[in-house]
Structures are given as structure tokens and as C-alpha cells.
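Next come the chains, spelled out residue by residue.
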Amino acid sequence: MTNNIYLKTNLELIEYLNSRFSDESLFIIDSNLNNLKIDEQVNAQVSYFDINEETKNLTSVEKIWDLLFQHNLNRSSEIVIIGGGVLLDVCAFASSTFKRGVSFTFVPSTLLSMVDASHGGKNGFNNTYGKNQIGTFTLPESVIVCYQLLDTLPEDNYKDGLIELIKHGMIANEKIFNSMITKTSFNVDFEIIREGIDVKLKIVSEDFLEGDKRKLLNFGHTVGHLVEKDSNYEITHGQAVAIGIYYELLISKEQLGLPKEIIDSYLNYLNQIEYDYEYNFLSNSEKLIEMLKHDKKSNAKGVDIVLLYEIGNPKVINLTFNEVIEVIQH
Ligand SMILES: NC(=O)c1ccc[n+]([C@@H]2O[C@H](COP(=O)([O-])OP(=O)(O)OC[C@H]3O[C@@H](n4cnc5c(N)ncnc54)[C@H](O)[C@@H]3O)[C@@H](O)[C@H]2O)c1
């Protein structure tokens, strides 16, 4: 499994990078981090890359491949990728396929990429058939988590990361959940970020190729993806998952007797970070069922959905499409 390194300050990060990587390494850095002037402080070759969810596509992969050729990289070279989940996913795909695989190290710079996207080896890019449709499972050499990088992260993106973190807490770690719902400020401590990373690492170590256990990470995402698609992606992924979690908690109460107080605490939390919990679907039931059938967890009978008995006690249950639609339309 991947080696994780935890650092607090940007200074520690630079020192560490210089101790580990030579001028033969290539650093690919999210262009929104150029104000940190990492290029002026490291020995390695540096290239800034401008990318977002809309350009998370084959064209960007080809640009990265070009970059790797232009820097004369070979299979023994080292690549360091510093950025959010989009850059990490695309560069990891490009690195894992360039000359049949060059090793790479991640330095995640968003909360979501720290607690989720940089662990577990999934990479890829979007095409006209949907998000992350092409990709490989390839682990980074190591993941360097530097908390101070979060200082410049826009608040909305930070909140999207909080949603994935509270989801990790709900499926596997009561401490994360309790700490987040009881705090008056929504900034999370490093310790909680670390706990969140451990949740993801534990799950993927038990099920690297996404057979069964890894499905648990999809809590909130079955309905979340419906919200995203129904709103034609007007609602961001994080906001959609926040709503998805609410509906999936309701289904958990109905199906598994999840205590109502947990739903109330979650609603309070969403209120605090000013995220909505309800959504009026524009599509009719037939259209929503059609969308649900495209969920990767769907089969002929219905959809495998992650539900909770309690915080930290999840179960994957196959529900009929109608059972899901009934809850989200009322
Ligand atoms: N591979 C996986 O297992 C996995 C898991 C979850 C999500 N993902 C993917 O992650 C992506 C979302 O990642 P994300 O939420 O990190 O978004 P992102 O990569 O789009 O980053 C969000 C924005 O913040 C900017 N940014 C990044 N770090 C910054 C910083 N420190 N300061 C200022 N600005 C900064 C980026 O340039 C971007 O504009 C999605 O494409 C999703 O599919 C992958």
C-alpha cells in the first residue's frame, strides 16, 4: 500500500521535496497554486497545469503525455503531482500509461483530495459517456499530505471536502462524525483529516478493485448522482452528495431503523455550513428510474445502496428503483 507522509507547513513540504526528489524529477502543479512559487524553491523541473472538471478529458491527458515526452522522462523517472482531485486523477492516468508506467507521488492540495482522491489508486478522466469512464487502478509511490496547502483553498471547495469527510465518519468512524457535528467552526483539525484518510485507506486495503467493501464509500452518492444529473450539473458534486446523504439517511431510518437524532444532527451540520438538504427533482419518476439504472451499482432487480443502522455500522442493500424514487420525491 501507499506510503503516507504528513507535514504541517509549506516550508516542511519544500524541505521534504528537496530531500527526496532531484532535478531529474518532474513536478506538475495545479496552476491555481502558482502563488506559492514552489517552482522557485525546489530543485526539480516544474510545469504548471491549468485544468478543471470540464477539461478533465483525453485532450488534457494528451497534453500531459506531451509534457512527459518534452521532459524526456523514462520508466525510472519520478513525477510529483501537486493539486486537487482533477489534476491528480488525470496525471496519474497519464503517468500510469506513459511508456507502460512511470511512478508518481501525490501532494493533494484540496481537502477532498487529501481525504479521498489521493488514496486507493483509482485515476481517470471524463468523456461523453460520463465522469471517470476511462482509467486504471495504479497506486502512487507515496502521498504527501501538507495541511497548510488548505489555507488558500476557496471556502466552497473546502466545504465539498467536509461532506466527503463526514461521510467517511458516518460509514466507519464515530469520532469524525461527533467531532464535526459538535464543532462551532467548520474548520477541521489535522487529527480528524488523518482519521478520514485512515477510513479510506482501510476500506481500499480490504477491497482494492472495488468488489464489495469499497461500495461503502458511495454512501450518499446514489441519490447524490441523481441530484447532480437532474440539475444538469448546476449543483456541485459536494452539494449534491450532501443532499444525497440526507435522503439516504431517511431511507436508512425507514429500512434499518437508524435513529432520527442522527438525521437531526446532520441537518444541523448542513445548516451550519449553509448547504441545502432537500432538492425538488425536475425529472419525472420514469426518467429518474432510467438514470438510476445507469448507476454502476444497479442490476436488473434494483440498485445496491449503502444504508446505515447506526454511525459506523453500514450495510449494502439492494432496493428496487421505486423504493428509492418514493423517498426522494416526497
Ligand atoms: N480517484 C479517486 O479515488 C477520487 C475520489 C474522489 C474524487 N475524485 C475526483 O476528484 C475531483 C474533484 O477534486 P477536488 O474537489 O479536489 O477539485 P479540483 O481538483 O477541481 O480542485 C478544486 C479547485 O481548487 C483549486 N485548488 C486546488 N488546490 C488549491 C489550493 N490549495 N488553493 C487554492 N486553490 C486550489 C483547483 O485548481 C480547482 O480550481 C473529481 O474530478 C472527482 O472525480 C477522485
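Student: Would you explain the overall build of the chain in this entry?
Tutor: Helix and strand counts for the chain stand at twelve helices and ten strands. Taking 20 Å as the expected radius of gyration for a compact globule of 330 residues, we find that the chain reaches 20 Å, a close match to that expectation. In terms of overall dimensions, the chain has C-alpha extents of about 60 × 40 × 35 Å along its principal axes. Every one of the 330 residues in the chain was classed for burial, and the buried ones make up 44%. Taking as baseline every contact in the chain between residues at least 6 positions apart, the subset at least 24 positions apart corresponds to 67%.

Student: Please clarify how the pairing of strand β10 (residues 313-319) should be interpreted in this entry.
Tutor: Looking along a regular strand, one sees the side chains alternate between the two faces of the sheet. Relative to β10, strand β9 (residues 303-310) is paired through seven bridges, and the arrangement is antiparallel. Across the sheet, residue L308 finds its bridge partner in β10, namely P314. Between β9 and β10, which pair antiparallel in sequence order, lie two residues; one of them, G312, sits at a positive phi of approximately 85°.

Student: Help me out: how do you make sense of the site of the ligand in this one?
Tutor: What surrounds the ligand is a group of 28 residues, the closest being N32, G84, G85, S109 and T110. If you list the elements that add at least two residues to the shell around the ligand, you get α3 (85-97), α4 (111-117), β7 (130-134) and α5 (155-172).

Student: I tried to follow the domain arrangement of the chain on my own but got confused; where do I start?
Tutor: Frequently, the measure chosen for interface size is the accessible area removed from exposure when the parts meet. By domain assignment, the chain separates into domain 1 (3-153) and domain 2 (156-328). Relative to domain 2, the C-alpha centre of domain 1 lies at a distance of 27 Å. Those elements that provide at least two residues to the side of domain 1 that touches domain 2 are β1 (3-7) and α4. The residue makeup of the side of domain 1 that touches domain 2, split by class, is ten nonpolar, five polar and one charged.

Student: Would you mind showing me how to read the pairing of β7 here?
Tutor: Relative to β7, strand β6 (residues 125-127) runs antiparallel, the two being bridged by two bridges. Bridged to N127 within β7 is G130. Connecting β6 to the next strand, β7, in antiparallel fashion are two residues.

Student: How should I be thinking about α5 in this particular structure?
Tutor: Each α-helix winds once per 3.6 residues, and so residues spaced three or four apart point in a common direction. The terminal C-alpha atoms of α5, which comprises 18 residues, lie 26 Å apart, in line with the 26 Å expected from a rise of 1.5 Å per residue. Most of α5 sits out of view: 14 of its 18 residues are buried.

Student: Looking at this model, I keep getting lost on the nonpolar core. Mind explaining?
Tutor: Among the nonpolar cores identified, the biggest contains 92 residues, and I28, I81, L87, V90, C91, A94 and I166 are the most heavily contacted of them. Tallying contributions element by element places helix α9 (residues 237-256) first for this core, with nine residues. The contact partners of I81, leaving out residues within four places of it in the chain, are I28, L87, L88, C91, A92, F104, F106 and V107.

Calculation criteria
Residues numbered from 1 in each chain as written. Predicted model: local features only at pLDDT ≥ 70, side-chain atom pairs only at ≥ 80, totals over all residues. Helix = DSSP H or I, 4+ residues; strand = E, 2+ residues; numbered from the N terminus. Rg over C-alpha atoms; globule rule 2.2 N^0.38 Å. Buried ≥ 20, exposed ≤ 12 C-beta atoms within 10 Å, placed from the backbone. Contact = placed C-beta atoms within 7 Å. Pairing = 2+ DSSP bridges. Near = placed C-beta within 6 Å. Domains from an automatic or database assignment. Nonpolar A, V, L, I, M, F, W, Y, C, P; charged D, E, K, R; others polar. Expected span 1.5 Å × (residues − 1). Core = buried A, V, L, I, M, F, W, Y, C linked by C-beta atoms within 7 Å.

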